[in-house]
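Letter by letter, the chains look like this.
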Amino acid sequence: QVQLVESGGGLVQAGGSLRLSCAASGRTFSSYAMGWFRQAPGKEREFVAGISWSGGSTYYPDSVKGRFTISRANAKNTVTLQMNSLKPEDTAVYYCAARRAKYVGEITTIADEYDYWGQGTQVTVSS
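Values in this document were obtained by computation on a predicted structure and should not be read as measured data.

A. Structural context of the environment of Ala73. With respect to the secondary-structure elements, Ala73 resides in strand β7 (residues 68–73). Aside from chain neighbours lying at most four places away, what touches Ala73 is Phe29 and Thr78.

B. Broad picture of unusual backbone geometry. Positive phi is not limited to glycine here, since Asn77 has a value of about 55°. Assignment of secondary structure puts Asn77 in the loop between β7 and β8 (78–83). Even without being a glycine, Ser85 presents a positive backbone phi close to 50°. In this structure, Ser85 sits in the loop between β8 and β9 (92–100).

C. Geometry of the pairing of strand β5 (residues 46–51). Of all the six residues making up β5, five are buried; the element is thus mostly covered by neighbouring parts of the structure. Pairing analysis gives five bridges linking strand β4 (residues 32–39) to β5, with the strands arranged antiparallel. By the bridge assignment for β5, Arg38 is matched with Glu46. If you look at the hairpin formed by β4 and β5, you'll find six residues sitting between the two strands, and Gly42 has a positive phi there, around 80°. Note: β5 against strand β6 (residues 58–59), two bridges, orientation antiparallel. Each residue of the ladder has a partner; that of Ile51, found in β6, is Thr58.

D. How the structure looks around the side chain of Thr121. Within the fold, Thr121 resides in strand β11 (residues 121–126). A residue is classified by how much of its surface remains accessible, and Thr121, at 11% relative accessible area, is buried. Side-chain polar atoms of Thr121 contact the backbone nitrogen of Gly9, separated by 3.2 Å. Those residues within four positions of Thr121 in sequence are excluded, and the remaining contacts are Glu6, Ser7, Gly8, Gly9, Leu20, Ala92, Val93 and Tyr94.

About the cut-offs
- Residues numbered from 1 in each chain as written.
- Predicted model: local features only at pLDDT ≥ 70, side-chain atom pairs only at ≥ 80, totals over all residues.
- Heavy atoms only, no water.
- Helix = DSSP H or I, 4+ residues; strand = E, 2+ residues; numbered from the N terminus.
- Contact = heavy atoms within 4.5 Å.
- Buried < 20%, exposed > 50% of the residue type's maximum accessible area, 1.4 Å probe, protein only.
- Pairing = 2+ DSSP bridges.
- Polar contact = N/O pair within 3.5 Å; in protein donor to acceptor, adjacent residues only side chain to side chain.

Here is the structure:
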């Protein structure tokens, strides 16, 4: 069982930065691939970043590539999403998710394949 708690959301102007953190409980955090998703009102949940259990592999969709960076610290049971050059279209509730990894380097962009979710943190980018 893994419990995830996100923090770091807030209101920022376009062009600004925010750093989201996800704290995980459980002794097997390093066995999980981690992902960040977001969901804006009236839209489907969207994958924005993923990282393998070791941290050796990361993946981003084109919409955030070059602006967002995901990292993890397995010794501290945390995963972080650094968001730079934020745009109004980045406004959404951001969720941290964990998936028990089945192989080295595994990252999945599909929300249904994740086993655990946090409660979400609101990010609002004003124009």
